Amino acid sequence: MRVIEEIPASSSDSESDSDEDQEVIFSQHELDAVSEGSSDEDESSDQEDEEMDHSAKSKRAKGFSWRKKRFEHQSTAAASVFSAPDELSSPRSYFAQFFDDDLFQLIAEQTNLYSCQLIGASINTTVDEIKSFVGIKLIMGVVRMPSMDDYWAEDTRYAKIANVMSVKRFKCLSRFIHFQDNQTSEPSQDRLCKVTPVLEHVRKKCLEIESENKFSIDEMMVPYKGTKAGSLRQYLPSKPHHWGFKIFVRAGVSGIVYDFLTYTGKSTFGTDQGPAKELGVGANVVIQLCKTIKNPSECVVYFDNFFTSLPLIVHLKESLGLRSLGTIRKNRLKGCTLEDDRALLRQGRGSFDYRVDNEAEVAVVKWSDNKAVTLASSCAAISPLKEVRRFSREERRRVAVPCPNIVSQYNVHMGGVDLADMMVALYRTPARSHRWYLGLFWQMADIAINNGWLLYRRDAKSIGVQKHKKLKEFRLEVADALIHSGKKKGRPSKGGEENVHSPTRCIQRPTTQRPMADVRLDQVDHFPAFTDKGRCRLCPEGQTTIYCTKCGVRLCIVTGKNPRNCFQVFHKK
């Protein structure tokens, strides 16, 4: 076994400056520990190997072998590759990847059961009505009013909501919507039992997504100011919403949520935690969320100083083969002596100090910007040294500042969870209720919307679609499809495809918005009616007085020598 010797105090400055691989002075008890591990030379080779492994583990438990030298384990995550679809699906289809018919069926059944348990009679809701209810709530996240009654009030009536159901029925569904049988749930064993089926269903669907290879782990807050949730309600002063439920999330750089874990106190991780229990709460969260990564050897995970510790970085590398990077607190450096913050700041912006342990595959870097920040990683260190632009008060302009690779990697890849949280906050579904668990349910709906939109953007990019829908448009189309798609049985259509007279030319780039495909092609309740004469919305030369009562667009029907039936073609393709 290699023994590390102390550097003599009389060594010259020129020698220490010229040697980039100089070794840091170690304490005597570390040298003794290494010497004791190599003293028994007469034992068999198998026993010697076991003792060496045990010695290495005990050494890492006590401290690391820090040196100021080149880090030998620099690497990057493999490039993310996704399968490209033949064509883009509808917004409703992307949303259905997370909120499918099975989940809506569960909600309808549990809502009827809960109303029977509460008032002795069923409210007789259906899957279609629950979809309409969810669609209304999604619209309310975009179109906000001071009170729920305002959407139905005479002066402020909003037809897209008020025409779907009455305010009385809406309040009835808001009162009785439920997700779990109260008689079979046990709050003492599962503090989230009221909403556990929804959380597990959405989490399972998130895990089925084709994932990226670079992830970030951070907290996400679900706003809640009530007191009925007890200690489930947490306080985080650094978040925009200080009070609420804390969800630990693993997201990609794009903002897609791949896995999450709702914090419930001591019962968050269960009883069987294994070696992760000794590493602390933050490390436990990281390990739980990283266990579901499909190809850990090709991935890198990023987290902040709440989670980061050197034993965690070593554990992820050894047990999962997963590389990691994060900021770290001073009291978790395990004997790694770096230059003092004040001394580093006096050297100017961009100065840095570092130590590595190539045996443990860990590098620690301290870099000064406005203030000093310390980072640790198992895959990045100093090189390649990059530059960032910072404003200089002395020169009154932006100047180039040296930036180690580990800092650049962290800044680029750490914002995934914050991006997901920001998109949820843009059009957050209103969730004010006496029942605390409804906030978590609507948070899952918002995550499903955002994940669906990001998957839609990914597919649009992969097949070369330049112009894609914005998040607000995507959300409203999902809501419209939930409310209108396939709700009634219309008249049976007469004739088949062979009787359709298609127009010779069609409008390729409509200037006015057309109804979404899920509604236009559902072949339900599309009745022709008469209106004022206007231009056909399918062919460029048609003028007609016929319009579709469901789609709300004019579509011509022409007989004679050159017949065409734009009304039928519009609803067929």
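What counts, and at which threshold
- Residues numbered from 1 in each chain as written.
- Predicted model: local features only at pLDDT ≥ 70, side-chain atom pairs only at ≥ 80, totals over all residues.
- Heavy atoms only, no water.
- Helix = DSSP H or I, 4+ residues; strand = E, 2+ residues; numbered from the N terminus.
- Buried < 20%, exposed > 50% of the residue type's maximum accessible area, 1.4 Å probe, protein only.
- Contact = heavy atoms within 4.5 Å.
- Areas by Shrake-Rupley, 256 points an atom, 1.4 Å probe, with all protein chains shown as cover.
- Expected span 1.5 Å × (residues − 1).
- Polar contact = N/O pair within 3.5 Å; in protein donor to acceptor, adjacent residues only side chain to side chain.
- Axes fitted to C-alpha atoms, helices over the stretch in contact; angles between N-to-C directions.
- Parallel < 35°, antiparallel > 145°, perpendicular 65-115°, else oblique.
- Nonpolar A, V, L, I, M, F, W, Y, C, P; charged D, E, K, R; others polar.
- Core = buried A, V, L, I, M, F, W, Y, C linked by side-chain atoms within 4.5 Å.

1. Considerations on the overall build of the chain
Step number 1: If you tally the helices and strands in the chain, you get 18 helices and 15 strands.
Step number 2: When burial is assessed residue by residue, the chain has 46% of its 573 residues classed as buried.
Step number 3: Here the contacts in the chain between residues at least 6 apart in sequence split such that 64% fall between residues at least 24 apart.
Step number 4: Of the roughly 30200 Å² of accessible surface on the chain, 48% is carried by carbon and sulfur atoms.

2. Description of helix H5 (residues 101–119)
Step number 1: When the terminal C-alpha atoms of H5 are compared, their 27 Å separation across 19 residues agrees well with the 27 Å that a helix rising 1.5 Å per residue should span.
Step number 2: Among the residues of H5, Leu103, Phe104, Ile107, Ala108, Gln110, Thr111, Asn112, Tyr114 and Ser115 are the ones counted as buried.
Step number 3: At its buried positions, H5 is contacted by helix H4 (91–96), helix H6 (127–140), helix H8 (167–176), helix H9 (196–207), helix H15 (438–462) and helix H16 (471–484).
Step number 4: Of the residues trailing H5, Gly120 is marked for its positive phi of about 85°.

3. Considering the environment of Lys294
Step number 1: Mapping Lys294 onto the fold places it in the loop between helix H10 (281–290) and strand E5 (300–303).
Step number 2: When its relative accessible area of 55% is taken as the criterion, Lys294 is described as exposed.
Step number 3: For the pair Lys294 and Asn213, spaced 81 residues apart in the sequence, the C-alpha separation amounts to 9.6 Å.
Step number 4: Setting aside residues no more than four positions away along its own chain, Lys294 makes contact with Leu207, Glu208 and Ile209.
Step number 5: A distance of 3.1 Å separates the side chain of Lys294 from the backbone oxygen of Leu207, its partner in a polar contact.

4. Thoughts on the side chain of Asn112
Step number 1: Mapped onto the elements, Asn112 comes out in helix H5.
Step number 2: The exposure class of Asn112 is buried, given its relative accessible area of 16%.
Step number 3: Separated by 3.4 Å, the side chains of Asn112 and Ser122 make a polar contact.
Step number 4: Among all residues touching Asn112, those that are not within four sequence positions of it are Ser122, Ile123, Asn124 and Thr125.

5. Some words on the packing of H6 against H8
Step number 1: Axis separation between H6 and H8 bottoms out at 11 Å; the angle between their running directions is 95°. Classified by the angle their axes make, H6 and H8 are roughly perpendicular. Judged by residue contacts, Glu129, Ile130, Phe133, Ile136, Lys137 and Met140 of H6 engage Arg169, Phe170, Leu173 and Ser174 from H8.
Step number 2: The residue makeup of the contact of H6 with H8, split by class, is 6 nonpolar, 1 polar and 3 charged.

6. Some points on the nonpolar core
Step number 1: Core analysis: the largest hydrophobic core is formed by 93 residues, its most contacted members being Phe99, Phe179, Leu316, Trp436, Phe441 and Met444.
Step number 2: If sequence neighbours within four positions are ignored, Trp436 has contacts with Arg191, Leu192, Tyr224, Lys228, Ala229, Leu232 and Phe245.

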